[in-house]
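The residues making up each chain are set out below.
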Amino acid sequence: MLAVLITLRPGRRNEFIDCQKAKVHIAVLPIMDVKTGWNSTLELLDQAYQLREFTREWLQNPQYTEYRPLFTTQDEWTIVKYVMEVLRPFRYWTLWMSKRHTVTLHHVITVYNDMFDHMDGVMRPLAKKKTQWKEDLFFTVKLARQKLSKYYAEVTSTTGMLLIAAHILDPFRKLRSFRKWDKGMDINPEDKTSNTTQYQEAFLKYVENEHCTKHRCMPVNKL
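Residues numbered from 1 in each chain as written. Predicted model: local features only at pLDDT ≥ 70, side-chain atom pairs only at ≥ 80, totals over all residues. Heavy atoms only, no water.

Asks: Just give me the short version of the side chain of histidine 106, but keep the residues and values in it.
Replies: With respect to the helices and strands, histidine 106 occurs in the loop between helix 5 (74–99) and helix 6 (108–127). By relative accessible area, which is 19% here, histidine 106 ends up buried. Side chain to side chain, histidine 106 and histidine 107 meet in a polar contact 3.2 Å long. Setting aside anything within four residues of it in sequence, one finds histidine 106 in contact with Ala166, His167, Asp170 and Arg173. (Helix = DSSP H or I, 4+ residues; strand = E, 2+ residues; numbered from the N terminus. Buried < 20%, exposed > 50% of the residue type's maximum accessible area, 1.4 Å probe, protein only. Polar contact = N/O pair within 3.5 Å; in protein donor to acceptor, adjacent residues only side chain to side chain. Contact = heavy atoms within 4.5 Å.)

Asks: Talk me through the pattern of salt bridges; I want residue IDs and the actual numbers.
Replies: The final tally for this structure, using the stated rule, is seven salt bridges. Residue glutamate 57 is joined to lysine 23 by a salt bridge in which the shortest nitrogen-to-oxygen separation is 2.9 Å. With glutamate 57 in helix 4 (residues 52–59) and lysine 23 in the loop between helix 2 (10–20) and helix 3 (40–50), the pair connects residues that are 34 residues apart, well separated along the chain. For glutamate 57, a relative accessible area of 35% puts it in the partly exposed group. Judged by its relative accessible area of 52%, lysine 23 is exposed. (Salt bridge = Lys/Arg side-chain N within 4 Å of Asp/Glu carboxyl O.)

By themselves these figures say nothing about function.
If you want it as structure tokens, here you go:
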């Protein structure tokens, strides 16, 4: 709401910029969330946190007295910082994947695993706290994890073979991720029911059917 109030009118924008003069090299304005924009919530919170002292100064203007209850308290800033730490890795992964000029398909499964590890690490300490905002954040991250799990469930030997093949063909990964899954589930990677064995066999079958049979070497008769 403060971002809307400050940026809505030119006069307010100029007053907010004046608050920053002689204190920063480049004056900026608060930004608003964009529901369709990747990482926009984190960018909004990050910008608001950086501008918190200037926002307080802007609200000291007598004509904005009615808006002062909108200023974030110190306890609320603590929550904002926590939320930013939860969201920051997701911004790193989306920017890292989108800005690379090389193939990234073989990184997808690893990024999925890192996101799950990150969310599990966030939820563990939150589950022990009974503060309302921590319970709310725990519930939110839990829902996000369920959403991600729904997408990840599509990576099977029948529906996600392209991702699996790219992952196995990566010389730095091969079958390591699948062995890690088996270890976490206390399954012997050599068992027929293990992830390692199933994906390895699916990969070899995929290569045989989709590549070898279609690209057999043909004899050439030379004069």
